[in-house]
Amino acid sequence: MGYTIAEKILINHSNLKSISPGQFIDCNIDLIMVHEQLGGRIHKEYEKLEIDYVWDPNKIFFILDHWVPAPTISAAQMHQDCRKFAEKYKFIHNFGYQLDKGICHQVLPEMGFSRPGMLIVGSDSHTTTYGAFNCLATGIGATDVSVVFATGKLWFRVPESFQIIMSGKFNKGVMSKDFILTLIGNISTKGAIYKSLEFHGQGAKNLSIDGRMTISNMVVEAGAKFGIFQPDNKLETWLVNRTKEPYKLVTPDNDANYENTLEYNLSEITPVVAKPSNPGNIAGIEEVEGIEIDQAFLGSCTNGRMEDLRIAAKILKGNNIDPNTRLIIIPASKEIYMEALREGLMEIFLSAGAVVGNCTCGPCIGGHLGVLGSEEVCISSTNRNFKGRMGDPTSEVYLASPAVVAASALKGRIADPREVL
Amino acid sequence: MIEKIDGFAYILGDDINTDDIVPSHTLTMRDVDEMAKCTLEFIDPTFAKNSAQGNIIIAGDNFGTGSSREEAVYVFKVLGIKAIIAKSFARIYFRNLINLGIPGIIVSWNESIFSKGDNLEISLNEGVITNKTKGVKIEFEKLPNFLTKILEEGGILNQLKKTLKG
Ligand code: SF4
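Counting starts from 1 at the beginning of each chain's written sequence and moves along it residue by residue. To label them, take the chains in the order written and letter them from A, then take the ligands in the order written and number them from 1. Under the rules for a predicted model, residues below a pLDDT of 70 receive no local features and side-chain atom pairs below 80 are neither given nor counted, while totals for whole chains, interfaces and linings still include all residues. Hydrogen atoms and water are omitted, and side-chain values are computed over all heavy atoms in the structure.

1. Some details on the overall build of chain B
Then, number 1: Tallying secondary structure elements over chain B gives six helices and seven strands in all.
Then, number 2: Listed by position from the N terminus, the elements making up chain B come as β-α-α-β-α-β-α-β-β-β-β-α-α.
Then, number 3: When we talk radius of gyration, it's over C-alpha atoms, and the globule rule is simply 2.2 Å times the number of residues to the 0.38. Taking 2.2 N^0.38 as the reference for a compact globule, 166 residues should give roughly 15 Å; the C-alpha atoms of chain B span a radius of gyration of 15 Å, in line with that estimate.
Then, number 4: Considering only C-alpha atoms, chain B reaches an extent of 45 × 45 × 25 Å along its principal axes.
Then, number 5: Relative to its 166 residues, chain B shows a buried fraction of 60%.
Then, number 6: Across chain B, contacts joining residues at least 24 apart in sequence account for 63% of those joining residues at least 6 apart.
Then, number 7: To measure how exposed things are, a 1.4 Å probe is used in the Shrake-Rupley method; for residues, cover is taken only from the protein chains shown. Put simply, chain B shows about 6,700 Å² of open surface, and 50% of that area lies on carbon and sulfur atoms.
Then, number 8: When charges are tallied, Lys and Arg are placed among the positive residues and Asp and Glu among the negative ones, while His and the ends of the chain are skipped. Here the site of a charge means atom NZ of a Lys, CZ of an Arg, CG of an Asp or CD of a Glu. Taking the average place of the 19 positive charges on the side chains of chain B and the average place of its 22 negative ones, the gap between the two points comes to 6 Å. Helix numbers and strand numbers start at the N terminus; a helix is a DSSP run of H or I with at least 4 residues, a strand a run of E with at least 2. Working definition: with a 1.4 Å probe on protein chains only, accessible area under 20% of the residue-type maximum means buried, over 50% means exposed, and in between means partly exposed. In this description, contact between two residues means that some pair of their heavy atoms is separated by no more than 4.5 Å.

Right, here's the structure in full:
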């Protein structure tokens, strides 16, 4: 019997010859990503083990991104705790001082740390993002992080896999975000709990790397453990400039066993939003068009990349945003920020009336740089619209693509990007 | 072997997420007792104060969806929550529960089986919940042995500490 991509990578990281879904196995971890959680619960838990080493200081990627630079005293203290730990255990990839870098899920791939065939875990649920690079990646909590720090191993339940066969291309004004929101709406926020989602077909190949990252990022909103793409030329071209390390592309066997197969023609996807306060609460743009907004946010690990900034710039160029709306734009990394500068996108944003922030999670988690007040409404390119996620518990967040966010900022109300492109 | 767990039901709905359990604004707090006071504050501001009267949580589908923040389990530990029963759990949340030594039990239920304040007794070894108030017994699929062992040790780090020393 053949194997899915997830099964192949899990076998390669265990000492087993065969595995099957539902089985519990121990795997060796190639890389672990940690951020502010290190100063949250991880350092306290790890001290309980009373050991003065980590299994491999070269396999830990540490960055600060959520509250950067620290907006409050408590965040500053948390950062201090993180840095102390990273120094004590001699982390080699320690970006605890380099606050200019950006959001973990963008920076780690840019630096070539996520490569095909790897098994990566991280102290963040959106670690699934790295699946865009044909590796297995998922989020874990502080105690599991401590286990990996100490042993380099973690138990996994071998997931059942879903095959999502994509064909076609998006029409104008439609983006990967619309696809993943549509998928979550269809299968529900519990529809893929513990499953591995594999994206196949010519439609997946047609997507940019940026777009694939958006999809892998949000599979966790359907409960999935992994969201993984097949390798192709686009991926290999992307990797050429990022890493010199060897890697092995992983494709599924022809007779791999999928619990479920879903088919999507991307040309049939239309702009959608997730209404408050659940990412599975999906509505077509027609249904929500005209709802007044106080804030539009373009950024985060879901949608703060060049593809996202470019489409927003296209919509905003030569225009002013609605005078009663604020638009906040945060590129996901410094690399993106600088590329956007060189392309002239920043000038377009600033001229249109946007506030451009430094590369951080910021408003996505209601941390800083655009926290919502009571009963305010925000259209956001992020991944979660839970109650109180971006500020006051009475505020409301609609999740949407960067194109919808930019079009809405222009109009001061939720708007269809196809009408302004 | 874990002794029987005795407690009182507290009922929650579907899709209770990690931001509901510990709102993001509490995450930079260093004092967990302070953080625990905010548990479920947007859903039930009295929850933290009254947790002794509802120390077994009964929830709907997809409990703990969202972030990997383990604080969302730890605050329950601080508040003395003994077990969480749900129709289904989000993946990371379920791991975090077991890792910190709180049993997570998957049961499909309705109001005729559990309601607020019911006195429950859970036997993990037998895979049975007895609702003493309603006089009904509900069976559930027992956890795999290696997870039960983690619970018996009071969490995975206690277990690991022993292995590292041994
Ligand atoms: S941008 Fe938002 S979702 Fe992404 S890592 Fe930061 S807080 Fe989490």
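The structure having been displayed, the exposition proceeds.
2. Quick word on the pairing of strand β8 (residues 161-167) of chain A
Residue and element names in this part refer to chain A.
Then, number 1: With five of seven residues buried, β8 lies mostly within the body of the structure.
Then, number 2: Only strands joined by at least two bridges in the DSSP assignment are considered to pair. Where β8 meets strand β9 (residues 196-200), five bridges bridge the pair, whose relative direction is parallel. Across the sheet, residue Gln 163 finds its bridge partner in β9, namely Glu 198.
Then, number 3: Between the parallel pair β8 and β9, the chain is carried across by helix α6 (residues 176-187), and the sense of this crossover is right-handed.
Then, number 4: Sheet analysis places β8 next to strand β11 (residues 260-265), joined by six bridges and oriented parallel. Looking at the pairing, Gln 163 lines up with Thr 261 of β11. By convention, a crossover is right-handed whenever its connection, traced from the first strand over the helix to the second and viewed with the strands pointing away, goes clockwise.

3. Structural notes on the sheet that holds strand β2 (residues 56-59) of chain B
Residues and elements named next belong to chain B.
Then, number 1: If you trace the seven strands from one edge of the open sheet to the other, you get β4-β3-β2-β1-β5-β6-β7, paired in mixed fashion. Edge positions in the open sheet fall to β4 (104-106) and β7 (136-139), since each of these has one partner strand only. Each strand of the sheet is rotated relative to its neighbour by a mean of 30 degrees, with strand direction disregarded.
Then, number 2: Looking at chain direction, strand β6 (residues 128-131) and β7 are connected through four bridges and run antiparallel. Only the stretch in contact is used when fitting a helix axis, every axis being a line fitted to C-alpha atoms; angles between N-to-C directions are given from 0 to 180 degrees.

4. Some thoughts on the environment of Val 121 of chain A
Residue and element names in this part refer to chain A.
Then, number 1: Among the secondary structure elements, Val 121 is positioned in strand β5 (residues 119-122).
Then, number 2: Sequence spacing of Val 121 and Gly 367 is 246 residues, and the spatial spacing of their C-alpha atoms is 24 Å.
Then, number 3: Other than its neighbours up to four places away in sequence, Val 121 contacts Ile 29, Leu 31, Ile 32, Met 33, Thr 127, Thr 138, Ile 140, Val 148, Leu 154 and Phe 156.

5. Quick notes on the domain arrangement of chain A
Interfaces are often sized by the accessible area lost when the parts come together.
Residue and element names in this part refer to chain A.
Then, number 1: The domain boundaries assigned to chain A delineate domain 1 (5-266) and domain 2 (272-419).
Then, number 2: Taking the mean C-alpha position of each, domain 1 and domain 2 sit 24 Å from one another.
Then, number 3: Contact residues are listed per partner, giving 37 residues for domain 1 and 41 residues for domain 2.
Then, number 4: Each of two parts loses accessible area, computed with a 1.4 Å probe, when they are put together; buried area is these two losses added. Summed over both partners, the interface of domain 1 with domain 2 comes to about 3,100 Å²; 56% of that surface belongs to carbon and sulfur atoms.
Then, number 5: Put simply, a salt bridge is a Lys or Arg side-chain nitrogen that is within 4 Å of an Asp or Glu carboxyl oxygen. Counting across the interface, domain 1 meets domain 2 through three salt bridges.
Then, number 6: Residue Lys 334 pairs with Asp 100 through a salt bridge whose shortest N-O separation is 2.7 Å.
Then, number 7: Polar contacts, as used here, are pairs of N or O atoms within 3.5 Å; protein pairs need one atom able to donate a hydrogen and one able to accept it. Residues neighboring in sequence count only if both atoms are side-chain atoms. Where domain 1 meets domain 2, there are 29 residue pairs in polar contact (both at pLDDT 80 or more).
Then, number 8: For the side of domain 1 that touches domain 2, the secondary structure elements donating two or more residues are α4 (104-110), α6 and α8 (209-218). Segmentation into domains, and thus their bounds, comes from an automatic or database assignment.

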